[in-house]
Amino acid sequence: MDVLVTPTPKLQGELQALSSKNYTTRYLLVAALAEGTSTIYYPAHSEDSDAMRRCIRDLGAVIEEDDEKITITGFGAHPRDVKELDVGNAGAVLRFLMAIAALAPDVTFINRYPDSLGKRPHDDLIDALGQIGVDVQHNDGKLPITIRGGSAVKGGKIQVSGNVSSQFLSALLFLTPLLQEDSEIEVLHDLKSKVVVGQTLEVLEQAGIVIEASDDLMRYRVKGGQKYAAKEYIVQGDYPGSAAVLAAAAVTQSDVKLHRLMENSKQGERAIVDVLRMMEVPLTHDNGVVHVQGNGRLKALEFDGDKATDAVLAMVAAAVFAEGTSRFYDVENLRFKECDRITDYLNELRKAGANVEERRSEIIVHGRPEGVEGGVEINAHYDHRVIMALTVVGLRAKAPIRIRDAHHVAKSYPIFFDHMKALGANVEWVESD
Ligand SMILES: O=C(O)C1=C[C@@H](OP(=O)(O)O)[C@@H](O)[C@H](O)C1
Ligand SMILES: C=C(OP(=O)(O)O)C(=O)O
């Protein structure tokens, strides 16, 4: 399905932010790794969180769900001997479960998105798992991937590169407490998306796991033979998805309130609020409610995008209409996401009429406060965040834009267009031809 975005000068209304994707995937996983029954309140519903639900069920977790909560009886350190897992297009789910598959005899992760997840590299995790005796068969570091683990995998010293994705380190942090022996993990090179590792450590601690981490998050000591506790968890609101809604409010005349966005969240993408403030967008953030009263005027800024990796595309979309030139730096790992979020995204922005430039690890935006031309068809590149960001741009284009295959928004935010409509955006689903 495609979506037609017709220019919309005003947005107004109140929404509940959807539930955090990254906390949902983590709570589902730690509940599955516990032996008792855990309860997760307000879990996210999206393709990625459904992928984690499906895979932990296949691995032996028993799941019951109603409108408010999900209860999970876990398999502890003993997943069922499943032959195949389908993670859809979910990178974090794949990487976390590649590590957990080391507890099973022989699991193959299939390749259902050859043009998206199928192109993403997993070499650093494959290499790290190899160091503790996991046999990994792969297609040049990519899917399909077969993991052969089992009782021979005991823990030990592991070095893992962090300069492509933090998910490889998070994956090892979920696995190593369950191994028989103690482990020491050292992160080599750099650690991208470092803030997300904070979310991993927070969830591990909530699940009763003890990990000694160095202050710079580059070294870890993990005792083996630990057990995940069965607990109750509450999922907070999602900043990465909300970033697109807030950016939409920022580029229009708006009066928009978004609830459930904790001020002290560990999600790096909460920086969307500070970034919009620095862009001089009128807003307040109190008691978990972000209230944007946009007047359509924004100022350019410079921002270290690695601090808020999944909100950068929304920030860039806002910068398209700012006065002056904005620069988002330290964003090279955006190239290894659902698509190349620098080259592919900027190509689509250019089509819509934005004035943008790319460097290897930077996005530069020469703002056009007068608006962009629009009147084009956008390729979604299988990327929910490209779809949401181009919607923001379409609201302030001079002619409608059509986003091809916009249904991929469901990877993280299936009701994004319902939410945008509720705020008054002129967005409608149209059959692809
Ligand atoms: O650990 C996680 O849940 C995630 C980590 C980040 O990936 P990278 O570490 O690859 O930047 C982020 O982009 C992704 O959406 C979710
Ligand atoms: C990159 C993302 O997810 P993942 O890496 O889990 O596919 C995302 O949600 O923007």
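Residues numbered from 1 in each chain as written. Chains lettered and ligands numbered in written order. Predicted model: local features only at pLDDT ≥ 70, side-chain atom pairs only at ≥ 80, totals over all residues. Heavy atoms only, no water.

> What exactly am I supposed to notice about the UniProt feature "binding site: 3-phosphoshikimate" (unreviewed entry) in the protein here?
Mapped onto this numbering, the UniProt entry gives "binding site: 3-phosphoshikimate" (unreviewed entry) at Lys 21, Arg 26, Ser 165, Ser 166, Gln 167, Ser 193, Asp 310, Asn 333 and Lys 337. Within the secondary structure layout, Ser 165 lies in the loop between β10 (157-162) and α5 (167-175). Apart from the residues lying within four places of it in its own chain, the contact partners of Ser 165 are Arg 95 and Asn 333. A distance of 3.0 Å separates a polar atom in the side chain of Ser 165 from the backbone nitrogen of Gln 167. The residues contacting Ser 193, other than those within four sequence positions of it, are Ser 166, Asp 306, Thr 309, Asn 333 and Lys 337. (UniProt positions renumbered as here; feature names shortened; annotations may be inferred. Helix = DSSP H or I, 4+ residues; strand = E, 2+ residues; numbered from the N terminus. Contact = heavy atoms within 4.5 Å. Polar contact = N/O pair within 3.5 Å; in protein donor to acceptor, adjacent residues only side chain to side chain.)

> What am I meant to see in the side chain of Asp 310 here?
Mapped onto the secondary structure, Asp 310 falls in the loop between β18 (302-304) and α9 (312-319). With a relative accessible area of 13%, Asp 310 lands in the buried category. In contact with Asp 310, not counting residues within four places along its chain, are Asn 22, Pro 240, Glu 269, Lys 337, Arg 341 and Arg 385. (Buried < 20%, exposed > 50% of the residue type's maximum accessible area, 1.4 Å probe, protein only.)

> Could you clarify how one ought to interpret the site of ligand 1 in this entry?
Neighbouring ligand 1 are 14 residues, the closest being Ser 165, Ser 166, Ser 193, Asp 310 and Lys 337. Within the side chain of Ser 165, a nitrogen or oxygen atom sits 2.6 Å from an oxygen atom of ligand 1. A distance of 2.5 Å separates an oxygen atom of ligand 1 from a polar side-chain atom of Ser 193. The fraction of the free accessible surface of ligand 1 (380 Å²) that becomes covered by protein chains is 96%. (Near = heavy atom within 4 Å. Areas by Shrake-Rupley, 256 points an atom, 1.4 Å probe, with all protein chains shown as cover.)

> For this particular structure, what's the right way to read the packing of α9 against helix α11 (residues 384-395)?
The geometry of a pair of packed helices is captured by two quantities: the angle between their axes and the separation between those axes. Their axes nearest at 9 Å, the elements α9 and α11 cross at an angle of 15°. In terms of orientation, α9 lies roughly parallel with respect to α11. As for how α9 packs across α11, the hand of that crossing is right-handed. Listed contacts from α11 to Leu 313, Ala 314 and Ala 317 of α9 are Arg 385, Val 386, Ala 389, Val 392 and Val 393. Residues that form the contact of α9 with α11 fall into these classes: 7 nonpolar, no polar and 1 charged. (Axes fitted to C-alpha atoms, helices over the stretch in contact; angles between N-to-C directions. Parallel < 35°, antiparallel > 145°, perpendicular 65-115°, else oblique. Left-handed = near helix turned anticlockwise from the far one by under 90°. Nonpolar A, V, L, I, M, F, W, Y, C, P; charged D, E, K, R; others polar.)

> Got a minute to help me understand the packing of aromatic side chains in this structure?
Each aromatic ring pair is characterised by the separation of its centres together with the angle its planes make. In the structure shown here, the tally under the stated rule is 8 aromatic pairs. Centre to centre, the rings of Tyr 27 and Tyr 233 are 4.5 Å apart; their planes meet at 20°, and the pair counts as stacked. Here Tyr 27, found in helix α1 (residues 21-32), pairs with Tyr 233, found in strand β14 (residues 232-234); they are 206 residues apart in sequence, far enough to count as distant. When its relative accessible area of 3% is taken as the criterion, Tyr 27 is described as buried. For Tyr 233, a relative accessible area of 1% corresponds to the buried category. Judged by centre distance (5.2 Å) and plane angle (80°), the rings of Phe 417 and Trp 429 are edge-to-face. Of this pair, Phe 417 sits in helix α12 (residues 416-422) while Trp 429 is found in strand β26 (residues 426-430), placing the two residues 12 residues apart along the sequence. (Phe/Tyr/Trp six-rings, centres within 6.5 Å; stacked < 30°, edge-to-face > 60°.)

> Which parts of the structure should I look at to understand the packing of α1 against helix α2 (residues 47-58)?
Contact geometry of α1 with α2 gives a least axis separation of 9 Å together with a crossing angle of 5°. Classed by the angle they form, the pair α1 and α2 counts as roughly parallel. Side by side, α1 and α2 meet where Lys 21, Thr 24, Thr 25, Leu 28, Leu 29 and Ala 32 of the first sit next to Asp 48, Ser 49, Met 52, Arg 53 and Ile 56 of the second. Residues of the contact of α1 with α2, tallied by class, amount to 5 nonpolar, 3 polar and 3 charged.

> So what exactly am I meant to see when it comes to the sheet that holds strand β11 (residues 183-191) here?
Strand order in this open sheet of 4 strands is β10-β11-β13-β12, and the pairing throughout is mixed. Two strands close off the open sheet at either side, each with one partner strand: β10 and β12 (211-213). Going across the sheet, the axis of each strand differs from the next one's by a mean of 20°, ignoring polarity. Bridge analysis of β10 against β11 gives 6 bridges, and the strand direction is parallel. Residue pairing for β11: Ser 161 is matched across the bridge by Leu 188. (Pairing = 2+ DSSP bridges.)

> Looking at this structure, how should I read the sheet that holds strand β8 (residues 135-139)?
Two strands in a sheet stick together by hydrogen bonds in their backbones, pointing the same way (parallel) or opposite ways (antiparallel). Spatially, 4 strands are ordered β6-β7-β9-β8 in an open sheet, and the strand pairing comes out mixed. What marks the edges here is a single partner per strand, and that holds for β6 (84-85) and β8. One ladder, built from 3 bridges, connects strand β7 (residues 107-109) with strand β9 (residues 142-148); its direction is antiparallel. Residue pairing for β9: Val 107 is matched across the bridge by Ile 147.

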